[in-house]
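Descriptive structure summary
The residues making up each chain are set out below.
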Amino acid sequence: MRQALRYILLLVITITTSKAMAQADAQFTQYWAVQNYYNAAATGTSDFINIRGGTRQQWVGIEGAPKSFLVTAESPFKFLGKRFGAGLIMHQESIGLYRTLNIDLQLSYKIKLFKGQLSAGVQFGYIDQTFKGSEVRLPDGSGGSESDDSGSSGSDYDEGGSGSSTGTNSGIPSSDVRGGGIDFAFGLHYTHKYFWAGLSATHLSQPSLGLKAEGDEERQYESKLGRMYYFMAGSNIPIKNTLFELQPSVLVRSDFKVTQADITARVRYKKMFSAGIAYRTNDAISAMLAVEIKNFFVGYSYDYAISDISKVSNGSHEIFAGYKLKLNLGDKNKNKHKSIRIM
């Protein structure tokens, strides 16, 4: 009975997570540290090569809760006298019985505008997704735990960070299925001496992934990724006659059905140490610490859920580490801003 209840909880978490915020895009509390994950135009905004890697363990204590691993790299470069940015993203996430791997390439073009720099960026990538149907264990009498051999159209089901899924057989897959597809994204990003801001959209083509079992072409399940829209903005505000800076920022994400916002306030000391708090609407409050010594960066955050999930979860942990390398592009980069991503 306990095993059945635990698995029901796993399924509920998987379904509600996918419907709420389409976790094909991972949820990172330190979004300010990996801006190009959400916006392809946020590449090459400084004179540094930036490499970041990290992991998020969400809702610790709950079996099958989301786990994300992310590596990002981005750099400026010049071509024919024009300034560009390039980026690479590798992201893997597991949630419930789903495993999703994204590999994306990014390119951005930059122009000077209003004493700042405007970037337009595109992203092209591939998504590989697996559903571990062989591990499905539903309580007796729940129905749908066994596949219908008739091949008739099955019922809709939602599982994992990918949106809705439908199958050509009844119920949930009883064997492992896998599929992939091409994905696109676009973004705009503006940097100024005093602030930065960006708009972006991911999964523009709303890719449909046909999930099939190896050696079985008759049964196919479909997993579809819906578009997501993002707004990010932030600033560094020096506190006069001190060594402190205020670093407020915000991330808003929406699919026009559900909207969620992360509101963050950080304080940095001597351009090396920072601490902050954040609030994610209807979800969690967070605390974070970060340090940058020379070209190295380490950041940690902890989320405490303010929803009923806190009754069965020990919170969420996230850690990032990175390195940056200065480039000489032959100019002084007058539009350089204090990017929180490299602090």
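Structure's up top.
Residues numbered from 1 in each chain as written. Predicted model: local features only at pLDDT ≥ 70, side-chain atom pairs only at ≥ 80, totals over all residues. Heavy atoms only, no water.

A tally of helices and strands in the chain yields two helices and 19 strands. When burial is assessed residue by residue, the chain has 50% of its 343 residues classed as buried. Summarising the internal contacts of the chain: among those between residues at least 6 apart in sequence, 60% fall at separations of at least 24. If you sum the accessible surface of the chain, you get close to 16200 Å²; carbon and sulfur atoms cover 62% of it. (Helix = DSSP H or I, 4+ residues; strand = E, 2+ residues; numbered from the N terminus. Buried < 20%, exposed > 50% of the residue type's maximum accessible area, 1.4 Å probe, protein only. Contact = heavy atoms within 4.5 Å. Areas by Shrake-Rupley, 256 points an atom, 1.4 Å probe, with all protein chains shown as cover.)

With that out of the way, let us pick up the packing of aromatic side chains. Under the criterion given, the structure shown has 14 aromatic pairs. Note on tryptophan 32 and phenylalanine 297: the rings are 6.4 Å apart at their centroids and 85° apart in plane angle, and the pair reads as edge-to-face. Of the two residues, tryptophan 32 sits in the loop between α1 (2-21) and α2 (35-38) while phenylalanine 297 sits in strand β18 (residues 296-305), which places them 265 residues apart along the sequence. As far as burial versus exposure is concerned, tryptophan 32 and phenylalanine 297 are alike and both buried. When the centroid spacing of 6.5 Å and the interplanar angle of 65° are considered together, the rings of phenylalanine 79 and phenylalanine 84 count as edge-to-face. Over the ring of phenylalanine 297 we find arginine 52, and its NZ or CZ is 3.9 Å from the ring centre. (Phe/Tyr/Trp six-rings, centres within 6.5 Å; stacked < 30°, edge-to-face > 60°. Lys NZ or Arg CZ within 6 Å of the ring centre and 35° of its normal.)

The next point concerns the nonpolar core. In this structure, Phe28, Trp32, Tyr37, Tyr38 and Leu70 are the most contacted members of the largest nonpolar core, which totals 20 residues. Mapped onto this core, the elements with two or more residues apiece are α2, β12 (228-235) and β17 (284-293). Ranked by size, the runner-up nonpolar core spans 13 residues in total, among them Phe131, Val177, Leu211 and Ala213. (Core = buried A, V, L, I, M, F, W, Y, C linked by side-chain atoms within 4.5 Å.)

Glancing now at empty space enclosed by the protein. The gaps left among the atoms become clear once a water-sized probe is rolled over them. Enumeration according to the criterion identifies six cavities of 30 Å³ or more in this entry. As a volume, the largest cavity reaches approximately 80 Å³. Taken together, ten residues form the lining of the largest cavity, with Asp25, Asn102, Asp104, Gln123 and His203 sitting closest to its centre. Residues belonging to the lining of the largest cavity are distributed by class as follows: three nonpolar, four polar and three charged. In this model, the second largest cavity occupies a volume close to 60 Å³. Looking at the second largest cavity, the residues that line it are Gln27, Arg56, Gln58, Trp59, Arg280, Asp283, Ala284, Asp303, Tyr304, Ala305, Gly315 and Ser316. Top contributing element to the lining of the second largest cavity by residue count: β18, with three residues. In the lining of the second largest cavity, the residues fall into four nonpolar, four polar and four charged. (1 Å grid on protein atoms, 1.4 Å probe; cavity = no way out; pocket = protein on both sides within 12 Å on 5 of 7 lines; lining within 4 Å. Points joined across faces, edges and corners; volume = space filled by probe spheres on them. Nonpolar A, V, L, I, M, F, W, Y, C, P; charged D, E, K, R; others polar.)

On to the side chain of serine 108. Counting through the fold element by element, serine 108 comes out in strand β4 (residues 98-113). A polar side-chain atom of serine 108 sits 3.2 Å from a polar atom in the side chain of lysine 110. Residues within four places of serine 108 in sequence aside, it is in contact with Ala40, Ala41, Thr43, Phe84, Gly85, Ala120 and Gly121. (Polar contact = N/O pair within 3.5 Å; in protein donor to acceptor, adjacent residues only side chain to side chain.)

A cluster of nonpolar side chains, contributed by Leu107, Val122, Phe124, Tyr126, Ile182, Phe184, Phe186, Leu188, Leu199, Leu204 and Phe231, occupies part of the molecular surface with about 950 Å² of accessible area. Elements represented by at least two residues in the nonpolar patch include exactly β5 (116-131) and β8 (177-191). In terms of residues, the nonpolar patch owes the most to one element, β8, which gives four residues. Note that phenylalanine 184 resides in strand β8. Residue phenylalanine 184 is classed as partly exposed on the basis of its relative accessible area, which comes to 36%. (Patch = residues over 30% accessible without salt bridge, like charges linked within 9 Å, V, L, I, M, F, W, Y side chains within 5 Å. Salt bridge = Lys/Arg side-chain N within 4 Å of Asp/Glu carboxyl O.)

Time to look at the side chain of glutamate 74. Inspection of the secondary structure puts glutamate 74 in strand β2 (residues 67-79). For glutamate 74, a relative accessible area of 3% translates into the label buried. Here glycine 44 takes part through its backbone nitrogen, which lies 2.7 Å from a polar atom of the side chain of glutamate 74.

Treat this as a map of the structure, not an account of what it does.
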